[in-house]
Amino acid sequence: ATLAGASMTVLPLVLATDLGGLQALGPGQIGALFAGQACISVVGAVPAASLADKYGPATMIPPALLVYAAAFGALPFASAHSYEAVACAMALQACGSCLLGSAPSAAAVNAVPDKDRAAALAALRVCGDVGLLTGAAALGGVAAWAGTDAAFFCASFGLVASAARFRWAAPVS
């Protein structure tokens, strides 16, 4: 929910309208930033999956969420500083995406008996879709009510809390 709200709702609006004193970016510039994230994801997906295979997918989830949290926590400061700082924060976000990658799916499959794997993946998918809906609405609401910086800080806090909860509550694979 937090990732969807921050990445897909608040971040594009911030880039297009409110960069803490910097001139708002145009569609081509915003597209280039997101394309840069995609490039990092393409290059980093296989090495990150290798780490998940080596250490276990459940082990990768908390650090990935913390990398995302750092990226979202840095965005208000980056957007007040320079375009390059925003690009670095978005690159850090892409690194978190690489680390997270397929880890939740692999962890869900590892946590259930073989006969329940499809159901586990379906449940994970449904939870993800609910998160897309609620995260966008919640963080969009926070941004409208308290500003985009508050939305990014809420996202960062939520990700740290999720990482901590997962670390201490999830089964280790």
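Before any of the text, the structure's been laid out above.
The numbering scheme is per chain: residues are counted from 1 as the chain's sequence reads. For this predicted model, a pLDDT threshold of at least 70 governs which residues receive local features, and a threshold of 80 or more governs which side-chain atom pairs are given and counted, while totals over whole chains, interfaces and linings are taken from all residues. The basis for every side-chain value is the complete set of heavy atoms in the structure, and neither hydrogens nor water enter the calculation.

### A short note on the pattern of salt bridges
Moving on, step 1. A carboxyl oxygen of Asp or Glu within 4 Å of a side-chain nitrogen of Lys or Arg is what we treat as a salt bridge. Tallied over the full model, the rule gives 3 salt bridges.
Moving on, step 2. In this structure, Asp129 engages Arg125 in a salt bridge whose closest nitrogen and oxygen atoms are separated by 3.2 Å. Taken together, the residues Asp129 and Arg125, both in helix α6 (residues 117–146) and 4 residues apart, mark about one turn of the helix.
Moving on, step 3. When accessible area is computed with a 1.4 Å probe and restricted to protein chains, residues below 20% of their type maximum are described as buried, those above 50% as exposed, and intermediate ones as partly exposed. Classification of Asp129 as partly exposed rests on a relative accessible area of 34%.
Moving on, step 4. What makes Arg125 exposed here is its relative accessible area of 56%. In this text, helices come from DSSP runs of H or I with a minimum length of four residues, and strands from runs of E with a minimum of two, each type numbered from the N-terminal end.

### Details of the packing of helix α1 (residues 2–17) against helix α3 (residues 57–81)
Moving on, step 1. Every angle, taken between N-to-C directions, lies between 0 and 180 degrees, and every axis is a line fitted to C-alpha atoms, over only the stretch in contact when it is a helix. Where α1 meets α3, the axes come as close as 11 Å, and the angle between the chain directions of the two elements is 35°. Between α1 and α3 the crossing geometry is left-handed. Contacts from Leu3, Ala6, Ser7 and Leu11 in α1 reach Tyr68, Phe72 and Leu75 in α3.
Moving on, step 2. In this count, Pro and Cys sit with the nonpolar residues alongside Ala, Val, Leu, Ile, Met, Phe, Trp and Tyr, while Asp, Glu, Lys and Arg are called charged and the others, Gly among them, polar. When the residues that make up the contact of α1 with α3 are grouped by side-chain class, the tally is 6 nonpolar, 1 polar and no charged. The sense of a crossing depends on the near helix, which, turned anticlockwise from the far helix by less than a right angle, makes the crossing left-handed and, turned clockwise, makes it right-handed. Any two residues whose heavy atoms approach within 4.5 Å are treated as being in contact.

### As for the packing of helix α2 (residues 27–55) against helix α4 (residues 83–100)
Moving on, step 1. Put simply, α2 and α4 touch, their axes get as near as 7 Å, and they point 35° apart. Of the two possible hands of crossing, α2 and α4 adopt the one that is right-handed. Contacts from Leu33, Phe34, Gln37, Ile40, Ser41, Gly44, Ala45, Ala48 and Leu51 of α2 reach α4 at Val86, Ala87, Met90, Ala91, Gln93, Ala94, Cys95, Ser97, Cys98 and Leu99.
Moving on, step 2. The residue inventory of the contact of α2 with α4, partitioned by class, reads 14 nonpolar, 5 polar and no charged.

### What to know about the packing of aromatic side chains
Moving on, step 1. Aromatic rings from Phe, Tyr and Trp, with only the six-membered ring used for Trp, were paired whenever their centres fell within 6.5 Å, and each pair was classed as stacked if the ring planes differed by under 30 degrees, edge-to-face if by over 60, and tilted otherwise. One pass over the structure, following the stated rule, counts 3 aromatic pairs.
Moving on, step 2. Consider the rings of Tyr68 and Phe72, whose centres lie 6.0 Å apart with planes at 15°: the pair is stacked. Of this pair, Tyr68 and Phe72 are both found in helix α3, 4 residues apart, which corresponds to roughly one turn of the helix. There is no split in this pair, since Tyr68 and Phe72 are both buried.
Moving on, step 3. Consider the rings of Phe72 and Phe152, whose centres lie 6.2 Å apart with planes at 10°: the pair is stacked.

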